[in-house]
Amino acid sequence: MGCFFSKKSKRKSSKQERTPTTTTVETTTTSNAVPLGNNTDEAAPKQYSWDKRDKVDPKDYMLTGLKGVTAGRLPGKLNGQQFVIQECENCDIFVFDHSATITIDDCINCRMVLGPVKGSVFFRDCKDIKCVVACQQFRTRDCKKMEVFLCCATQPIIESSTGMKFGCFQYYYPELAFHFKDAGLSIFNNNWSNIHDFTPVSGETNWSLLPESAAVLDSVPSPDSESEFKSVRISADTARSIVPLTKGGRRKDSEESCLFVFFAGEYTTANARKMIDEATAKGFVLIQTKEVSMRPEDVKRVFQNNAEDLVEWIMKGPVIALELNGDGVVEACKNIASEVFSGTKVFVSDNKNTSCQDVDSFFNFADMQMGL
């Protein structure tokens, strides 16, 4: 029931196998035949579209063999291309742009910020890495001792890796919201704590969650004032983070949770962020979030007796759902909905006796819909 408001296997890859190759089309100049008559000058070579295309230099999309330096890419330098980082040691690496995929091989004692990645981020044979990462897929193989502040749309996977620690993504720079959009990532789909260990060892724990007090800048410092990245205005303040800070899989402080759902509209994202601010300011905790599309049959299954009024709204676009936790959270959320979002179409759990069932119904559906 709810109430509504309107408004190891160990595999070593060869370096040749790991480094992506960039194919460059060779330019072929084609001369026309000499025309008949007295004109014996050759005609100008015909220009093809691929002749005019900028040639790609693989070095622009790689960092390799660096030691003790600050390096990376400024906004606008990658624009969705793939990127490779390999054999770097004791480096600070900042990729302030969106990319297709990023592979990181044989790196030791590095700090990294990796901007939104449309596909996968894959760490292999790395040790003592601290990083901030946003991606569709996250995977490690044969890695040791990593601290990862993560936003991942799917379930993160570790393989033959030990000493892995995970926290929720907390980061900001001015272009980051645009980079999330360009990479096709939602700030509300973050499975940072739902880790799958592909090679578990009986009696051993290969991964854990970072303390809630863990601060990003204690692990991955800001760019130093002498580097080319000093002009990028970064922040790791949780209040400014593009991705909402969630408690994830940690134990909840209260047995009372509330489901709060925003239906598609012009300001859905902004409204969801405002709701989070309103609730956390009152001492409630954000557990998890999801942005997902629904079909009429999904609405009936998830919202049951309340479904009839909602079917037309899910046709307008994806919904954004929040799970908020704390004693008295249901009543507080209902009050916020009526006072702050009176002109917005929302669903709020109706009472604390059924609210946990609301939460389970929606997020179980969302996880199945996203293949988690």
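Everything numeric here is computed off the predicted structure, so don't read it as measured data.

Here's the deal with unusual backbone geometry
In this model, asparagine 79 sits at a positive phi of 50°, which is unusual for a non-glycine residue. Within the secondary structure, asparagine 79 is located in the loop between strand 3 (70-73) and strand 4 (83-86). Non-glycine residue lysine 145 carries a positive phi angle of around 55°. Along the chain, lysine 145 turns up in strand 9 (residues 144-152).

What to know about the pattern of salt bridges
With the rule as written, the count across this model stands at 16 salt bridges. Put simply, glutamate 159 and arginine 141 hold a salt bridge, and the shortest N to O gap is 3.5 Å. With glutamate 159 in strand 10 (residues 157-159) and arginine 141 in strand 8 (residues 127-141), this pair connects stretches of sequence that are 18 residues apart. What makes arginine 141 buried here is its relative accessible area of 9%. Where arginine 301 meets aspartate 298, a salt bridge forms, and the shortest distance between an N and an O atom there is 3.3 Å. Pair noted here: arginine 301 and aspartate 298 are both in helix 6 (residues 296-303), with a separation of three residues, about one helical turn. Judged by relative accessible area, arginine 301 falls into the partly exposed class, the value being 44%. Each of Arg295, Glu297, Asp298 and Arg301 takes part in salt bridges that share partners, so that together they form one network.

A few points about the pairing of strand 6 (residues 102-105)
Neither face of strand 6 is exposed, since Ile102 and Ile104 on one face and Thr103 and Asp105 on the opposite face are all buried. Direction of pairing for strand 4 relative to strand 6: parallel, over a ladder of four bridges. Bridge pairing in strand 6 places phenylalanine 83 opposite isoleucine 102. When strand 6 meets strand 7 (residues 108-124), the two strands line up parallel, connected through four bridges. Following the sheet pairing, isoleucine 102 is matched in strand 7 by valine 121.

Structural notes on the layout of surface pockets
Of the voids in this model, the largest pocket is the one considered here, and its volume is about 390 Å³. If you trace the largest pocket, you find 22 residues lining it, with Thr238, Pro244, Leu245, Thr246 and Thr280 closest to the centre. Sorting elements by how many residues they give to the lining of the largest pocket places helix 5 (residues 268-281) first, with four residues. Residues belonging to the lining of the largest pocket are distributed by class as follows: twelve nonpolar, five polar and five charged. Contributing to the lining of the second largest pocket are 14 residues, with Ala177, Phe180, Lys181, Ile187 and Thr269 lying nearest its centre. Of all the secondary-structure elements, those providing two or more residues to the lining of the second largest pocket are helix 3 (176-182) and helix 5.

Basis of the calculations
Residues numbered from 1 in each chain as written. Predicted model: local features only at pLDDT ≥ 70, side-chain atom pairs only at ≥ 80, totals over all residues. Heavy atoms only, no water. Helix = DSSP H or I, 4+ residues; strand = E, 2+ residues; numbered from the N terminus. Salt bridge = Lys/Arg side-chain N within 4 Å of Asp/Glu carboxyl O. Buried < 20%, exposed > 50% of the residue type's maximum accessible area, 1.4 Å probe, protein only. Pairing = 2+ DSSP bridges. 1 Å grid on protein atoms, 1.4 Å probe; cavity = no way out; pocket = protein on both sides within 12 Å on 5 of 7 lines; lining within 4 Å. Points joined across faces, edges and corners; volume = space filled by probe spheres on them. Nonpolar A, V, L, I, M, F, W, Y, C, P; charged D, E, K, R; others polar.

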